[in-house]
Amino acid sequence: METRSLDLSQYRCPMSLLLAKRASKSLAKNEMLRIKVIDKGSLTDMMSYFEQYLFDIQLEHTDTCSLLTIKKK
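Here's what I pulled together on the structure shown here. Source: prediction; values computed, not measured.

## Thoughts on the packing of aromatic side chains
Piece 1. Under the defined criterion, the tally for this structure stands at three aromatic pairs.
Piece 2. For the ring pair Y49 and F50, a centre distance of 5.2 Å and an interplane angle of 75° mean the geometry is edge-to-face. F50 matches Y49 in its accessibility class, with the two residues each being buried.
Piece 3. Judged by centre distance (5.2 Å) and plane angle (75°), the rings of F50 and F55 are edge-to-face. Here F50 matches F55 in class, with each residue buried.
Piece 4. Grouping aromatic residues by their ring pairs yields a cluster made of Y49, F50, Y53 and F55.

This is the structure in structure tokens:
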């Protein structure tokens with residue numbers, strides 16, 4: 001199954017969290033979404049949200065952004 005991408009590098013919370021939530025709701029079981037984030041507050045809020053709703057989460061950091069990959073269980 002293909003991994004979808006969502007670039008939220010232009011957004012800050014709460015808009016980035018809202019857009020990530022909307023995108024995650026359309027995921028099918030075992031489908032993955034990779035979210036690009038540069039705002040630390042947004043990343044923290046997204047991690048909390050996706051942990052609460054039992055998504056599998058992987059986090060990678062680059063020099064310019066964080067890449068949060070979620071998988072719907």
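We are not done yet, so read on.
## Remarks on the environment of F55
Piece 1. For F55, the position within the fold is in the loop between α2 (40-52) and β3 (56-61).
Piece 2. By relative accessible area, F55 is classed as buried at 12%.
Piece 3. Measuring from C-alpha to C-alpha, the distance between F55 and S24 comes to 9.4 Å, with 31 residues separating the pair along the chain.
Piece 4. Each residue touching F55, except ones within four places of it in the same chain, is listed here: S24, L27, F50, I70, K71, K72 and K73.

## Side note on a nonpolar patch on the surface
Piece 1. A cluster of nonpolar residues, Y11, M15 and L18, forms a patch on the protein surface that exposes about 250 Å² of accessible area.
Piece 2. Looking at the element boundaries, L18 is found in helix α1 (residues 15-25).
Piece 3. With relative accessibility at 36%, the residue L18 sits in the partly exposed group.

## Considering the nonpolar core
Piece 1. Core analysis: the biggest nonpolar cluster contains 16 residues, and A20, L33, I35, M46, F50, L68 and I70 have the highest contact counts within it.
Piece 2. Of all the secondary-structure elements, those providing two or more residues to this core are α1, β2 (32-37), α2 and β4 (66-71).
Piece 3. Among the elements that line this core, the one with the most residues is α2, at five residues.
Piece 4. The residues touching M46, leaving out its near neighbours within four places in the chain, are L8, S16, L17, A20, I35, V37 and L68.

What counts and how
Residues numbered from 1 in each chain as written. Predicted model: local features only at pLDDT ≥ 70, side-chain atom pairs only at ≥ 80, totals over all residues. Heavy atoms only, no water. Phe/Tyr/Trp six-rings, centres within 6.5 Å; stacked < 30°, edge-to-face > 60°. Buried < 20%, exposed > 50% of the residue type's maximum accessible area, 1.4 Å probe, protein only. Helix = DSSP H or I, 4+ residues; strand = E, 2+ residues; numbered from the N terminus. Contact = heavy atoms within 4.5 Å. Patch = residues over 30% accessible without salt bridge, like charges linked within 9 Å, V, L, I, M, F, W, Y side chains within 5 Å. Areas by Shrake-Rupley, 256 points an atom, 1.4 Å probe, with all protein chains shown as cover. Salt bridge = Lys/Arg side-chain N within 4 Å of Asp/Glu carboxyl O. Core = buried A, V, L, I, M, F, W, Y, C linked by side-chain atoms within 4.5 Å.

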